Amino acid sequence: MEKQKEVVVSGLRPTGLLHLGNYFGALRNYVRMQEDYDCYFFVADWHSLTTHPDTKSLGENVRRVLAENIACGLDPEKVCLYLQSSVPEIAELYLYLNMLAYKGELEKTTTFKDKVRQQPENINAGLLTYPVLMTADIIIHRALYVPVGKDQEQHLEMARNYAQRFNHRYGELFPEPQAYNFGQELIKIPSLDGTGKMSKSENQFATIYLADDDDLIRKKVMKAKTDSGPLEKNSVKPDYIENLFQLMRLVSKSEIVHAFEKDFNECQIRYGDLKKQLADDIVSFISPIREKAVAIYSDTKYLKEVIQKGGENARERANETIRMARELIGLNYFS
Ligand code: ADP
Ligand code: TRP
């Protein structure tokens, strides 16, 4: 019998345009995993309501995220690509898991504390239980691996706790999901101004989006913070310089990176040249993706078909899980 593939789940919120952080933290791994795993990738539209209650641009963002996913190389014939809101079983599992999640631990979550600072006027219960919904997204497919960036590490730890609590209380059903980056550390793509990470909605001029045109990419990179260069040979790089090298390691050829490393170590680096090279390499990387995304975005019929088929497949597995969960909890009173 053919060995069953291990299950992978991950999601992106449709809260804005995708950027290099989403690509290198998440999407690149989705694409690498699609051949060898049973993959479920979705647009986390329910999650976006926790921070973006105004749904005026939600539809457009959902279509864009889908188009960008496919433009980056995800093949809807190989993976199940769907909307979170197409799978009501997730909401049911979220409800059960909420009874196993404690207010104190939810209040201590880093992302919750950040959001409380950012939106003090809208500290809703969905925001508090964000990690519970995320757990439901993952374990509804009984997934083992979750390709995400470093910022999601704590959420994954919570997901393992909730899966464990369920198993312990009601009986073994869920594997404990692991954050995944091909045996390597999870990554965080820094913003170009040296403060924090690239993000969909903050730091827009210091974030490079997959939809940015060539000129804008060049402008953003050329504005990145540098200084007048190291004064001593083999110095430690300041964060904002290390960030530029980190990006370069992802998009440039290794000979090029080595040459700039050498110049840095010998105090001969010219940051203007480094940024120009980095901008060129980011442009070469992004422009084909951007063009594909535009074409896919305008093919509404195709996107609709993809999402319909993905939703059906996702529901099939989700339904299996929910039936088992109900049975274990003891909600099957008359069978
Ligand atoms: P954002 O934080 O920009 O709103 P999401 O929360 O939708 O993006 O994140 C989607 C995926 O992209 C997650 O797996 C997240 O870990 C990853 N991600 C987001 N920003 C970065 C970043 N700067 N570096 C690495 N991964 C990131
Ligand atoms: N919380 C994730 C983020 O902000 C998005 C997300 C929602 C997710 N549900 C998920 C990621 C399940 C992986 C698995 O990036």
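Since the structure is predicted, the reported quantities are computational estimates derived from the model, not experimental observations.

Thresholds applied
Residues numbered from 1 in each chain as written. Chains lettered and ligands numbered in written order. Predicted model: local features only at pLDDT ≥ 70, side-chain atom pairs only at ≥ 80, totals over all residues. Heavy atoms only, no water. Helix = DSSP H or I, 4+ residues; strand = E, 2+ residues; numbered from the N terminus. Rg over C-alpha atoms; globule rule 2.2 N^0.38 Å. Buried < 20%, exposed > 50% of the residue type's maximum accessible area, 1.4 Å probe, protein only. Contact = heavy atoms within 4.5 Å. Areas by Shrake-Rupley, 256 points an atom, 1.4 Å probe, with all protein chains shown as cover. Lys, Arg positive; Asp, Glu negative; His and termini not counted. Charge placed at Lys NZ, Arg CZ, Asp CG, Glu CD. Phe/Tyr/Trp six-rings, centres within 6.5 Å; stacked < 30°, edge-to-face > 60°. Domains from an automatic or database assignment. Buried area = accessible area lost by both parts, 1.4 Å probe. Salt bridge = Lys/Arg side-chain N within 4 Å of Asp/Glu carboxyl O. Polar contact = N/O pair within 3.5 Å; in protein donor to acceptor, adjacent residues only side chain to side chain.

Visitor: Where do I start with the overall build of the chain in this structure?
Guide: Each helix and strand counted, the chain has 14 helices and five strands in total. The globule rule puts the C-alpha radius of gyration for 335 residues at 20 Å, and the 22 Å found for the chain is close to it. Over its C-alpha atoms, taken along the principal directions, the chain stretches across nearly 80 × 50 × 45 Å. Burial status across the chain gives 49% buried among its 335 residues. Intrachain contacts of the chain at a sequence separation of at least 6 include 76% that bridge at least 24 residues. Element-wise, carbon and sulfur atoms account for 50% of the exposed surface of the chain, whose accessible area totals about 16,700 Å². Counting 44 positive and 48 negative side-chain charges, the chain places the averaged centre of each group 2 Å from the other.

Visitor: Where do I start with the packing of aromatic side chains in this structure?
Guide: To describe a pair of aromatic rings, you give the distance between the ring centres and the angle between the ring planes. Taken as a whole and assessed by the stated rule, the structure comprises 12 aromatic pairs. For the pair Y23 and F24, a centre-to-centre distance of 4.9 Å together with 85° between the ring planes defines the contact as edge-to-face. The exposure class of Y23 is buried, given its relative accessible area of 11%. Take F24: its relative accessible area is 2%, and that puts it in the buried class. Seen in terms of ring centroids, Y37 and Y180 are 6.3 Å apart; in terms of plane orientation they differ by 65°. Their pairing is edge-to-face.

Visitor: What am I meant to see in the domain arrangement of the chain here?
Guide: For interface size, the figure often reported is the accessible area lost on association. In terms of domains, the chain is made up of domain 1 (7-188 + 299-329) and domain 2 (212-294). Computed from C-alpha atoms alone, the centre-to-centre distance between domain 1 and domain 2 is 32 Å. Between domain 1 and domain 2, the residue contacts involve nine residues of the former and 10 residues of the latter. Both sides of the domain 1 and domain 2 interface together cover about 800 Å² of buried area, and 78% of this is carbon and sulfur. Of all residues in domain 1, L20, F24 and A71 bury the most surface against domain 2, accounting for 59% of the area lost on that side. Inspection of the region where domain 1 meets domain 2 yields zero salt bridges. Our count for the contact surface shared by domain 1 and domain 2 stands at one residue pair in polar contact (both at pLDDT 80 or more). Those elements that provide at least two residues to the side of domain 1 that touches domain 2 are α1 (20-33) and α3 (58-71). No other element matches α1, which puts four residues into the side of domain 1 that touches domain 2.

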